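Take a look at the letters that make up each chain.
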Amino acid sequence: MSEAPPPEPPFALVVDDEPLILMEAVSILEEAGFQMLEAAHAVQALRVLGQHHARVKLLFSDVDMPGDMDGFALAREVARCWPLIAIVLASGRAKPGPGDLPEGATFISKPFSAQIVHHHVRKTMPEHVQPEPLRNK
């Protein structure tokens, strides 16, 4: 009898219009065991989720982005349409006010470290959904 293959690592969608910050966040989440999807703004993120929402378990998004939808609005829309996706928002300028964050979402200030991101992702995602490397940190 052969062993069952290990489960496929979950996907995370990182949304940030600053390429260097996007690369840093992708690197931090890859280190935690996620497969990655990327978007530069909210509209692109919603398009990606429209195609891949069944595989995405985490949205990690900047708040300040170009276009009509900021990260808070994106988070509320994701929570409404795909309530099983965990949400972590980050900003170096904005702070969440009442009603900005959907229930269960967390917020971190920029600049952030891998340790801070991993802590908030563990806090936000159910343990059974977290990738193996993140659970073992």
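Conventions adopted
- Residues numbered from 1 in each chain as written.
- Predicted model: local features only at pLDDT ≥ 70, side-chain atom pairs only at ≥ 80, totals over all residues.
- Heavy atoms only, no water.
- Helix = DSSP H or I, 4+ residues; strand = E, 2+ residues; numbered from the N terminus.
- Buried < 20%, exposed > 50% of the residue type's maximum accessible area, 1.4 Å probe, protein only.
- Contact = heavy atoms within 4.5 Å.
- Areas by Shrake-Rupley, 256 points an atom, 1.4 Å probe, with all protein chains shown as cover.
- Salt bridge = Lys/Arg side-chain N within 4 Å of Asp/Glu carboxyl O.
- Pairing = 2+ DSSP bridges.
- Right-handed = clockwise from strand over helix to strand, strands pointing away.
- Core = buried A, V, L, I, M, F, W, Y, C linked by side-chain atoms within 4.5 Å.

Student: Give a detailed account of the overall build of the protein, specifying residues and quantitative values.
Tutor: When helices and strands are counted, the protein shows five helices and five strands. C-alpha extents for the protein along the principal axes are approximately 55 × 30 × 30 Å. Put simply, the protein has 137 residues, and 45% of those count as buried. Nonlocal contacts in the protein, meaning residues at least 24 apart in sequence, comprise 61% of its contacts between residues at least 6 apart. Of the roughly 7,600 Å² that the protein leaves accessible, carbon and sulfur atoms contribute 54%.

Student: Go over the environment of Phe 107 with me, naming the residues and quoting the values.
Tutor: Structurally, Phe 107 can be placed in strand S5 (residues 106-109). Distance from Phe 107 to Phe 60, taken between C-alpha atoms, is 9.7 Å for residues 47 residues apart in sequence. Excluding its chain neighbours within four sequence positions, the residues that come into contact with Phe 107 are Val 63, Phe 72, Leu 89, Ala 90, Ser 91, Ala 94, Lys 95, Pro 96, Leu 101 and His 120.

Student: Lay out the pattern of salt bridges in plain terms, naming residues and giving numbers.
Tutor: What the rule picks out here adds up to five salt bridges. For the salt bridge of Asp 62 with Lys 110, the shortest nitrogen-to-oxygen distance reads 3.0 Å. Pair noted here: Asp 62 is in strand S3 (residues 56-62) and Lys 110 is in the loop between S5 and helix H4 (114-124), with a separation of 48 residues, a long-range link. For the pair formed by Asp 62 and Lys 110, the shared burial category is buried. Measuring nitrogen to oxygen at the nearest pair gives 2.4 Å for the salt bridge that ties Glu 132 to Arg 135. Highlighted residues: Glu 132 and Arg 135, both in helix H5 (residues 132-135), separated by three residues, approximately one helical turn. Classification of Arg 135 as partly exposed rests on a relative accessible area of 30%.

Student: Residues and numbers for the pairing of strand S2 (residues 35-39), please.
Tutor: In terms of strand pairing, strand S1 (residues 11-15) meets S2 through five bridges, oriented parallel. For Leu 13, the partnering residue across the bridge sits in S2 and is Leu 37. Handedness of the β-α-β unit built from S1, helix H1 (residues 19-31) and S2 comes out right-handed.

Student: Any details on the side chain of Ser 61? Residues and values, ideally.
Tutor: When you line up the elements, Ser 61 lands in strand S3. Once residues lying within four places of it in the same chain are set aside, the contact partners of Ser 61 are Val 15, Gly 71, Leu 74, Val 88, Leu 89 and Ala 90.

Student: Lay out the nonpolar core in plain terms, naming residues and giving numbers.
Tutor: Core analysis: the largest hydrophobic core is formed by 24 residues, its most contacted members being Leu 13, Val 15, Leu 59, Leu 74 and Val 78. At the level of secondary structure, the elements contributing two or more residues to this core comprise S1, S2, helix H2 (42-52), S3, helix H3 (71-81) and strand S4 (86-91). What Leu 74 contacts, discounting residues up to four positions off in sequence, is Val 15, Ala 42, Ala 45, Leu 46, Leu 59, Ser 61, Met 65 and Met 69. If you look at the next biggest cluster of nonpolar residues, it comprises 21 residues, including Val 88, Phe 112, Met 125 and Leu 134.

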